[in-house]
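Understanding the architecture of this molecule
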Amino acid sequence: GLEPGNGYRYHVFIAPGNLEVSCPSIGIEGCEIIVVGGGGGGGTGWYGGGGGAGGVIQYPDYTLLAGTHPVTVGAGGAGGSNSGGDSIYGQPNDPLTALGGGYGGPRGAAGEQGGSGGGVGMPNTPGEGVQESSNSIPSNSRTYGHGSDGGPQAYGAGGGGAAGAGNPGPQGNGGAGRDCGATYDGPLIGYPSLNPHNGYFGGGGAGGNYPGTSGPGGVGGGGNAGQAAVDMTGGGGGGGQNNGQAGGSGGDGIVIIRAPDAL
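Keep in mind that this is a model prediction, so the values were computed, not measured. (Residues numbered from 1 in each chain as written. Predicted model: local features only at pLDDT ≥ 70, side-chain atom pairs only at ≥ 80, totals over all residues. Heavy atoms only, no water.)

**Here's the deal with the overall build of the protein chain**
On a plain count of helices and strands, the protein chain comes out with one helix and 10 strands. Each of the 263 residues in the protein chain was classed as buried or not, and the buried ones make up 54%. Contacts spanning at least 24 positions in sequence make up 60% of the contacts within the protein chain whose residues lie at least 6 apart. Accessible surface computed for the protein chain: about 9800 Å², of which carbon and sulfur atoms make up 48%. (Helix = DSSP H or I, 4+ residues; strand = E, 2+ residues; numbered from the N terminus. Buried < 20%, exposed > 50% of the residue type's maximum accessible area, 1.4 Å probe, protein only. Contact = heavy atoms within 4.5 Å. Areas by Shrake-Rupley, 256 points an atom, 1.4 Å probe, with all protein chains shown as cover.)

Written out as structure tokens, the structure reads:
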């Protein structure tokens, strides 16, 4: 566990593994878990849609029970028609599943559904965001968490869907990711590469429009047009904006367990 000095310890997974918990029968209360799916790849070629972000689960006030807790971390999808992988925390009978982001459609094709949907490759329909928002504690995590539909066309291709409240903006901007709070800023958990994102995860990729006019990727690791997203954020890759240019790869996901320092 990483020790930030604020009374908590952070257990960060950027690859599959297990969290081994030894504790009293009542469990360790007051924990929080963040699960971020891998981002979808951006669509290929002119007007490639932005990749959808991986879904984000921020589960507060979680009680960790003794035992072995398996963790799967979803990889980002390669540029083109490749969605991100799911990230999963917990036992198979009660998992927290953050779905991978849908890929952005190439020109003339729809975006793919996913945790957040991929943006449309002009002209068609954006992908659906499946990771629905909910204020209730999940019994089935596929109906809990944060995600959004991909963006419609706007002077070209749509931006990728994001895990935050803001949907993709004009001219193919990637949507803003989920603000999980300054507690999860990079230096605190020991991963400086996350620092520019200030605790945001799951930014949508930008749609590829006319060269030089595409909007930016969404805060939370979303890639600009034709560029890869940031790993460990679940951001979507940017769509291609030149003939034959591959879209950017989506960012790998991450799983973070924040527990009182007793663990």
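From this point, the narrative continues.
**Some points on the sheet that holds strand 3 (residues 28-36)**
Across the sheet, four strands lie side by side as 1-10-3-4; this open sheet has antiparallel pairing. Two strands in the sheet have a free side with no partner beyond their single neighbour: strand 1 (8-13) and strand 4 (56-64). Put simply, the sheet's adjacent strands are angled 15 degrees from each other on average, direction ignored. The pairing of strand 3 with strand 4 spans six bridges and is classified as antiparallel. Within strand 4, the residue paired with C31 across the bridge is Y62. (Pairing = 2+ DSSP bridges. Axes fitted to C-alpha atoms, helices over the stretch in contact; angles between N-to-C directions.)

**Focus on the sheet that holds strand 7 (residues 96-98)**
The antiparallel open sheet is built from four strands, whose spatial order is 2-5-6-7. What marks the edges here is a single partner per strand, and that holds for strand 2 (17-21) and strand 7. Here the strands of the sheet are splayed against their neighbours by 15 degrees on average, with no regard to which way each runs. Alignment of strand 6 (residues 87-89) against strand 7, held across three bridges, turns out to be antiparallel. Of the residues in strand 7, the one forming a bridge with Y89 is L96.

**Looking at the confidence of the model for the protein chain**
Put simply, the protein chain has an average pLDDT of 79, and 74% of its residues get 70 or more. Element-level mean pLDDT values for the protein chain span from 67 in helix 1 (residues 186-189) up to 93 in strand 5 (residues 67-72). (pLDDT = per-residue confidence, 0-100.)

**Here we look at the environment of G239**
Within the secondary structure layout, G239 lies in the loop between strand 9 (200-201) and strand 10 (254-260). Separated by 30 residues in sequence, G239 and N209 have C-alpha atoms that sit 8.3 Å apart. Sequence-distant contacts of G239, defined by excluding residues within four places in its chain, comprise G42, G43, G48, G49, G50, A206, G208, A225, G226 and G247.

**Considering the nonpolar core**
Of all hydrophobic cores here, the largest spans 20 residues; its most connected members are L64 and Y89. Only strand 2, strand 3, strand 4, strand 7 and strand 10 provide two or more residues apiece to this core. The contact partners of Y89, leaving out residues within four places of it in the chain, are L19, I33, V35, Y62, L64, H69, P70, V71, P95, L96, V255 and I257. (Core = buried A, V, L, I, M, F, W, Y, C linked by side-chain atoms within 4.5 Å.)

**Quick look at the packing of aromatic side chains**
Overall, the coordinates contain two aromatic pairs when judged by the stated rule. A network of ring pairs unites the aromatic residues Y59, Y62 and Y89 as a single cluster. A cation over a ring is seen here: R258 above Y8, with NZ or CZ 4.0 Å from the ring centre. (Phe/Tyr/Trp six-rings, centres within 6.5 Å; stacked < 30°, edge-to-face > 60°. Lys NZ or Arg CZ within 6 Å of the ring centre and 35° of its normal.)

**Focus on the pairing of strand 5**
Here strand 2 runs beside strand 5; their pairing, made up of five bridges, is antiparallel. Following the sheet pairing, L19 is matched in strand 5 by H69. Summarising the sheet, strand 5 and strand 6 pair through two bridges and their orientation is antiparallel. Across the sheet, the residue bridging to T72 is I88, located in strand 6.

**Re the environment of G51**
With respect to the helices and strands, G51 occurs in the loop between strand 3 and strand 4. In this structure the C-alpha to C-alpha distance between G51 and G237, which are 186 residues apart in sequence, comes to 4.9 Å.

**A look at the environment of G48**
In this structure, G48 sits in the loop between strand 3 and strand 4. The sequence separation of G48 and G240 amounts to 192 residues, and the corresponding C-alpha distance is 4.9 Å.

**Here we look at unusual backbone geometry**
Phi at D61 is positive, roughly 50 degrees, even though this residue is not glycine. Along the chain, D61 falls in strand 4. Judged by relative accessible area, which is 63%, D61 ranks as exposed. Phi is positive for M232, which is not a glycine, with a value near 70 degrees. Here M232 shows up in the loop between strand 9 and strand 10. Judged by relative accessible area, which is 13%, M232 ranks as buried.

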